[in-house]
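These are the residues of each chain, in order.
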Amino acid sequence: MPKPVRKAVFPVAGLGTRFLPATKAMPKEMLPVVDKPLIQYAIEEAKAAGIEEFYFVTGRAKNAIEDHFDTAFELEATLREREKKELLDQLQASLPAAGQIAYTRQQRPLGLGHAVWCARHLVGDEPFAVLLADDLMVGEPPCLQEMVEAHATTGGNMVAVMEIPREQTRRYGVLDVVSDAGKLVRAKGVVEKPEPAVAPSTLMIIGRYIIQPDIFRHLGEVEAGAGGEIQLTDGLDKLISDGQPFHGLRATARRYDCGEKLGYLEANVALGLQHPEFGAALRQLLQTYL
(Lines give C-alpha, C1' and ligand atoms only; values in the text may rest on other atoms or scores of the structure.)
Protein backbone atom coordinates (compact mmCIF):
# COMPACT_ATOMS: atom_id res chain seq x y z
CA MET A 1 0.00 0.00 0.00
CA PRO A 2 1.59 3.33 -1.07
CA LYS A 3 2.17 5.92 1.63
CA PRO A 4 -0.45 8.72 1.62
CA VAL A 5 0.45 12.06 0.07
CA ARG A 6 0.28 14.61 2.91
CA LYS A 7 2.80 17.26 1.86
CA ALA A 8 3.02 19.67 -1.06
CA VAL A 9 5.80 21.89 -2.40
CA PHE A 10 5.04 25.17 -4.15
CA PRO A 11 8.04 26.52 -6.10
CA VAL A 12 7.45 30.29 -6.12
CA ALA A 13 10.96 31.74 -6.50
CA GLY A 14 10.66 32.71 -10.20
CA LEU A 15 11.07 36.32 -11.29
CA GLY A 16 7.95 36.46 -13.46
CA THR A 17 9.75 38.36 -16.23
CA ARG A 18 7.00 37.64 -18.78
CA PHE A 19 4.65 39.87 -16.79
CA LEU A 20 6.91 42.85 -16.24
CA PRO A 21 6.34 45.58 -15.23
CA ALA A 22 3.37 44.14 -13.26
CA THR A 23 5.69 41.74 -11.42
CA LYS A 24 8.49 44.20 -10.67
CA ALA A 25 7.42 44.51 -7.03
CA MET A 26 4.77 41.76 -6.82
CA PRO A 27 5.26 37.98 -7.14
CA LYS A 28 3.64 36.55 -10.27
CA GLU A 29 1.92 34.01 -8.00
CA MET A 30 0.01 36.92 -6.44
CA LEU A 31 -1.49 38.02 -9.77
CA PRO A 32 -5.28 37.86 -9.30
CA VAL A 33 -7.60 35.75 -11.40
CA VAL A 34 -10.92 37.54 -10.83
CA ASP A 35 -10.76 37.93 -7.03
CA LYS A 36 -8.11 35.48 -5.81
CA PRO A 37 -4.35 35.27 -6.45
CA LEU A 38 -3.00 32.33 -8.41
CA ILE A 39 -1.26 30.86 -5.38
CA GLN A 40 -4.53 30.70 -3.44
CA TYR A 41 -6.13 28.59 -6.17
CA ALA A 42 -3.18 26.18 -5.88
CA ILE A 43 -3.48 25.99 -2.09
CA GLU A 44 -7.22 25.33 -2.32
CA GLU A 45 -6.59 22.55 -4.85
CA ALA A 46 -4.03 20.99 -2.50
CA LYS A 47 -6.43 21.18 0.46
CA ALA A 48 -9.14 19.45 -1.58
CA ALA A 49 -6.67 16.61 -2.21
CA GLY A 50 -6.07 16.09 1.50
CA ILE A 51 -2.71 17.86 1.73
CA GLU A 52 -1.89 18.74 5.34
CA GLU A 53 1.47 20.53 5.07
CA PHE A 54 2.32 23.31 2.60
CA TYR A 55 5.93 24.22 1.78
CA PHE A 56 6.88 27.28 -0.25
CA VAL A 57 10.25 27.59 -1.97
CA THR A 58 10.62 31.35 -2.22
CA GLY A 59 13.11 33.90 -3.50
CA ARG A 60 13.76 37.58 -3.01
CA ALA A 61 10.78 39.96 -3.02
CA LYS A 62 8.27 37.18 -2.24
CA ASN A 63 7.15 38.53 1.13
CA ALA A 64 3.67 39.25 -0.23
CA ILE A 65 3.02 35.49 -0.40
CA GLU A 66 3.91 35.06 3.27
CA ASP A 67 1.74 38.03 4.18
CA HIS A 68 -1.19 36.67 2.19
CA PHE A 69 -1.22 33.46 4.21
CA ASP A 70 -0.86 35.24 7.54
CA THR A 71 -3.41 36.92 9.81
CA ALA A 72 -4.01 40.59 8.91
CA PHE A 73 -5.04 41.93 12.32
CA GLU A 74 -5.78 45.51 11.25
CA LEU A 75 -7.79 44.44 8.21
CA GLU A 76 -9.80 41.89 10.20
CA ALA A 77 -10.51 44.45 12.93
CA THR A 78 -11.78 46.91 10.33
CA LEU A 79 -14.03 44.30 8.70
CA ARG A 80 -15.38 43.39 12.14
CA GLU A 81 -16.16 47.02 12.94
CA ARG A 82 -17.94 47.44 9.61
CA GLU A 83 -19.83 44.17 10.12
CA LYS A 84 -18.41 42.66 6.90
CA LYS A 85 -18.80 39.14 8.26
CA GLU A 86 -18.86 37.37 4.89
CA LEU A 87 -15.57 38.94 3.81
CA LEU A 88 -14.04 38.23 7.21
CA ASP A 89 -15.06 34.57 6.98
CA GLN A 90 -13.56 34.31 3.48
CA LEU A 91 -10.24 35.70 4.66
CA GLN A 92 -10.03 33.39 7.65
CA ALA A 93 -11.07 30.32 5.64
CA SER A 94 -8.18 30.88 3.20
CA LEU A 95 -5.52 30.54 5.92
CA PRO A 96 -3.78 27.22 6.59
CA ALA A 97 -3.87 26.20 10.24
CA ALA A 98 -1.00 27.17 12.52
CA GLY A 99 2.05 25.01 11.84
CA GLN A 100 0.82 23.75 8.45
CA ILE A 101 2.89 26.14 6.38
CA ALA A 102 6.65 26.66 6.07
CA TYR A 103 9.04 28.57 3.82
CA THR A 104 12.54 27.93 2.53
CA ARG A 105 14.67 30.03 0.20
CA GLN A 106 16.12 29.25 -3.21
CA GLN A 107 19.01 31.70 -3.29
CA ARG A 108 19.87 31.27 -6.97
CA PRO A 109 17.59 30.59 -9.96
CA LEU A 110 18.93 27.13 -10.85
CA GLY A 111 15.71 25.60 -12.16
CA LEU A 112 12.64 23.70 -11.02
CA GLY A 113 14.60 20.62 -9.99
CA HIS A 114 16.81 22.72 -7.75
CA ALA A 115 13.78 24.49 -6.24
CA VAL A 116 12.23 21.15 -5.32
CA TRP A 117 15.57 19.94 -3.90
CA CYS A 118 15.62 23.01 -1.63
CA ALA A 119 12.54 21.58 0.18
CA ARG A 120 14.18 18.22 0.94
CA HIS A 121 14.52 18.75 4.72
CA LEU A 122 10.90 19.87 5.00
CA VAL A 123 9.51 16.94 3.02
CA GLY A 124 11.59 14.21 4.63
CA ASP A 125 11.00 10.58 3.67
CA GLU A 126 7.47 10.76 2.25
CA PRO A 127 5.90 11.02 -1.19
CA PHE A 128 4.93 14.62 -1.89
CA ALA A 129 3.08 16.76 -4.41
CA VAL A 130 4.49 19.65 -6.43
CA LEU A 131 2.13 22.34 -7.72
CA LEU A 132 3.12 25.12 -10.12
CA ALA A 133 0.73 27.97 -9.43
CA ASP A 134 0.87 29.48 -12.91
CA ASP A 135 -0.72 26.29 -14.27
CA LEU A 136 -4.22 27.09 -13.05
CA MET A 137 -6.40 23.96 -12.99
CA VAL A 138 -10.16 24.51 -12.80
CA GLY A 139 -12.83 21.83 -12.68
CA GLU A 140 -14.33 18.95 -10.74
CA PRO A 141 -12.81 16.81 -9.50
CA PRO A 142 -9.76 18.99 -8.76
CA CYS A 143 -6.63 17.82 -10.58
CA LEU A 144 -4.48 16.93 -7.57
CA GLN A 145 -7.38 15.07 -5.93
CA GLU A 146 -7.66 12.86 -9.02
CA MET A 147 -3.93 12.23 -8.91
CA VAL A 148 -3.87 11.38 -5.19
CA GLU A 149 -6.73 8.91 -5.63
CA ALA A 150 -4.99 7.24 -8.58
CA HIS A 151 -1.64 7.20 -6.79
CA ALA A 152 -3.18 5.24 -3.92
CA THR A 153 -3.39 2.36 -6.41
CA THR A 154 -0.34 2.87 -8.63
CA GLY A 155 2.24 4.14 -6.15
CA GLY A 156 5.47 5.40 -7.67
CA ASN A 157 5.59 8.78 -9.40
CA MET A 158 2.86 10.57 -11.32
CA VAL A 159 2.38 13.69 -13.44
CA ALA A 160 -0.74 15.34 -14.82
CA VAL A 161 -0.83 15.41 -18.62
CA MET A 162 -2.88 16.79 -21.47
CA GLU A 163 -2.92 16.28 -25.23
CA ILE A 164 -1.35 19.00 -27.37
CA PRO A 165 -1.06 19.45 -31.15
CA ARG A 166 2.07 17.67 -32.40
CA GLU A 167 3.57 20.90 -33.74
CA GLN A 168 3.74 22.22 -30.15
CA THR A 169 5.88 19.42 -28.69
CA ARG A 170 9.07 21.47 -29.10
CA ARG A 171 7.77 23.81 -26.37
CA TYR A 172 7.10 21.24 -23.63
CA GLY A 173 8.15 18.06 -21.88
CA VAL A 174 6.23 15.06 -23.24
CA LEU A 175 5.89 11.48 -22.06
CA ASP A 176 7.52 8.47 -23.67
CA VAL A 177 4.51 6.15 -23.30
CA VAL A 178 4.66 2.39 -22.71
CA SER A 179 0.93 1.69 -22.34
CA ASP A 180 -2.22 3.77 -22.50
CA ALA A 181 -5.32 2.83 -20.47
CA GLY A 182 -7.23 6.03 -21.24
CA LYS A 183 -7.25 7.92 -17.96
CA LEU A 184 -3.84 6.63 -16.93
CA VAL A 185 -0.79 6.05 -19.08
CA ARG A 186 2.40 4.34 -18.04
CA ALA A 187 5.62 5.92 -19.29
CA LYS A 188 9.29 5.00 -19.49
CA GLY A 189 10.59 8.54 -19.57
CA VAL A 190 10.14 12.22 -20.31
CA VAL A 191 11.55 13.95 -23.38
CA GLU A 192 12.15 17.69 -23.03
CA LYS A 193 10.97 19.81 -25.97
CA PRO A 194 11.33 17.23 -28.76
CA GLU A 195 10.92 18.17 -32.40
CA PRO A 196 7.44 17.16 -33.63
CA ALA A 197 8.81 14.57 -36.07
CA VAL A 198 10.56 12.60 -33.30
CA ALA A 199 8.30 13.31 -30.29
CA PRO A 200 7.38 10.00 -28.62
CA SER A 201 3.85 11.25 -27.85
CA THR A 202 1.71 14.38 -27.70
CA LEU A 203 1.10 14.11 -23.95
CA MET A 204 2.42 17.26 -22.31
CA ILE A 205 3.27 17.43 -18.62
CA ILE A 206 1.16 19.93 -16.65
CA GLY A 207 2.54 21.53 -13.49
CA ARG A 208 1.25 18.85 -11.10
CA TYR A 209 3.45 16.05 -9.77
CA ILE A 210 3.44 13.33 -7.13
CA ILE A 211 7.02 12.28 -6.43
CA GLN A 212 8.83 9.80 -4.22
CA PRO A 213 11.42 11.27 -1.81
CA ASP A 214 14.24 9.29 -3.48
CA ILE A 215 14.34 12.11 -6.04
CA PHE A 216 16.21 14.36 -3.60
CA ARG A 217 19.28 12.13 -3.79
CA HIS A 218 19.23 12.26 -7.57
CA LEU A 219 18.61 16.01 -7.74
CA GLY A 220 21.60 16.55 -5.47
CA GLU A 221 23.81 14.65 -7.92
CA VAL A 222 22.38 15.64 -11.30
CA GLU A 223 24.32 18.12 -13.42
CA ALA A 224 22.74 21.24 -14.86
CA GLY A 225 20.82 20.48 -18.03
CA ALA A 226 18.88 22.65 -20.49
CA GLY A 227 19.43 26.38 -19.92
CA GLY A 228 22.06 25.74 -17.25
CA GLU A 229 19.34 24.62 -14.83
CA ILE A 230 18.72 21.47 -12.81
CA GLN A 231 15.66 19.93 -14.44
CA LEU A 232 13.03 18.10 -12.41
CA THR A 233 12.45 15.76 -15.34
CA ASP A 234 16.09 14.60 -15.14
CA GLY A 235 15.43 13.50 -11.56
CA LEU A 236 12.22 11.74 -12.61
CA ASP A 237 14.14 9.85 -15.30
CA LYS A 238 16.55 8.64 -12.62
CA LEU A 239 13.62 7.28 -10.58
CA ILE A 240 12.35 5.45 -13.66
CA SER A 241 15.84 3.97 -14.11
CA ASP A 242 15.60 2.81 -10.49
CA GLY A 243 12.55 0.78 -11.49
CA GLN A 244 9.90 2.99 -9.89
CA PRO A 245 6.49 3.15 -11.65
CA PHE A 246 5.84 6.36 -13.57
CA HIS A 247 2.34 7.32 -14.71
CA GLY A 248 0.65 10.22 -16.41
CA LEU A 249 -2.95 11.10 -15.56
CA ARG A 250 -5.20 12.86 -18.06
CA ALA A 251 -6.79 15.46 -15.79
CA THR A 252 -10.50 16.24 -15.91
CA ALA A 253 -9.90 19.83 -14.80
CA ARG A 254 -9.11 22.42 -17.47
CA ARG A 255 -5.69 24.03 -17.59
CA TYR A 256 -5.12 27.74 -18.03
CA ASP A 257 -1.53 28.69 -18.76
CA CYS A 258 -1.19 31.73 -16.53
CA GLY A 259 2.54 31.87 -17.17
CA GLU A 260 1.62 33.51 -20.49
CA LYS A 261 -0.29 36.77 -20.87
CA LEU A 262 -2.93 35.38 -23.22
CA GLY A 263 -3.57 32.35 -21.01
CA TYR A 264 -3.83 34.63 -17.99
CA LEU A 265 -6.38 36.83 -19.76
CA GLU A 266 -8.33 33.73 -20.82
CA ALA A 267 -8.46 32.51 -17.21
CA ASN A 268 -9.86 35.83 -16.02
CA VAL A 269 -12.52 35.82 -18.71
CA ALA A 270 -13.48 32.16 -18.19
CA LEU A 271 -13.68 32.37 -14.40
CA GLY A 272 -15.30 35.77 -14.55
CA LEU A 273 -18.10 34.36 -16.71
CA GLN A 274 -18.62 31.61 -14.11
CA HIS A 275 -18.74 34.04 -11.19
CA PRO A 276 -22.13 33.86 -9.44
CA GLU A 277 -22.17 37.57 -8.60
CA PHE A 278 -21.34 39.22 -11.92
CA GLY A 279 -20.92 36.46 -14.53
CA ALA A 280 -24.07 37.41 -16.44
CA ALA A 281 -23.19 41.11 -16.41
CA LEU A 282 -19.66 40.33 -17.65
CA ARG A 283 -21.10 38.33 -20.54
CA GLN A 284 -23.20 41.32 -21.61
CA LEU A 285 -20.21 43.63 -21.24
CA LEU A 286 -18.00 41.42 -23.39
CA GLN A 287 -20.60 41.37 -26.13
CA THR A 288 -20.19 45.12 -26.54
CA TYR A 289 -16.54 44.55 -27.51
CA LEU A 290 -17.12 41.67 -29.94
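Keep in mind that what you see is a predicted model, and the values were worked out from it rather than measured. (Residues numbered from 1 in each chain as written. Predicted model: local features only at pLDDT ≥ 70, side-chain atom pairs only at ≥ 80, totals over all residues. Heavy atoms only, no water.)

1. Topic: the pairing of strand β8 (residues 157–163)
Across the 7 residues that make up β8, a large majority, 5, are buried. Pairing geometry for β8 and strand β11 (residues 203–211), over 5 bridges, is antiparallel. Across the sheet, M158 pairs through a bridge with I210, a residue of β11. (Buried < 20%, exposed > 50% of the residue type's maximum accessible area, 1.4 Å probe, protein only. Helix = DSSP H or I, 4+ residues; strand = E, 2+ residues; numbered from the N terminus. Pairing = 2+ DSSP bridges.)

2. Re the nonpolar core
Soluble globular proteins tend to pack their nonpolar side chains together in the buried interior. Core analysis: the largest hydrophobic core is formed by 35 residues, its most contacted members being F10, I39, I51, F56, L144 and M147. Mapped onto this core, the elements with two or more residues apiece are β1 (7–11), α1 (38–48), β4 (53–58), β6 (128–131), α7 (143–154), β8 and β11. When residues of this core are assigned to their parent elements, the largest contribution, 5 residues, is made by α7. (Core = buried A, V, L, I, M, F, W, Y, C linked by side-chain atoms within 4.5 Å.)

3. Re the environment of S94
By the secondary structure assignment, S94 is in the loop between α4 (85–93) and β5 (101–105). Note on S94: relative accessible area 9%, which makes it buried. Not counting residues up to four positions away in its chain, the partners in contact with S94 are Q40, K47 and F69. (Contact = heavy atoms within 4.5 Å.)

4. Observations concerning unusual backbone geometry
Between L20 and the following residue, P21, the backbone shows a cis peptide bond with an omega angle of 5°. One can find P21 in the loop between β1 and β2 (32–33). Of note, the amide linkage connecting E140 to P141 takes the cis form, showing an omega dihedral of -5°. Structurally, P141 is set in the loop between β7 (135–138) and α7. Unlike most non-glycine residues, V34 shows phi in positive territory, near 65°.

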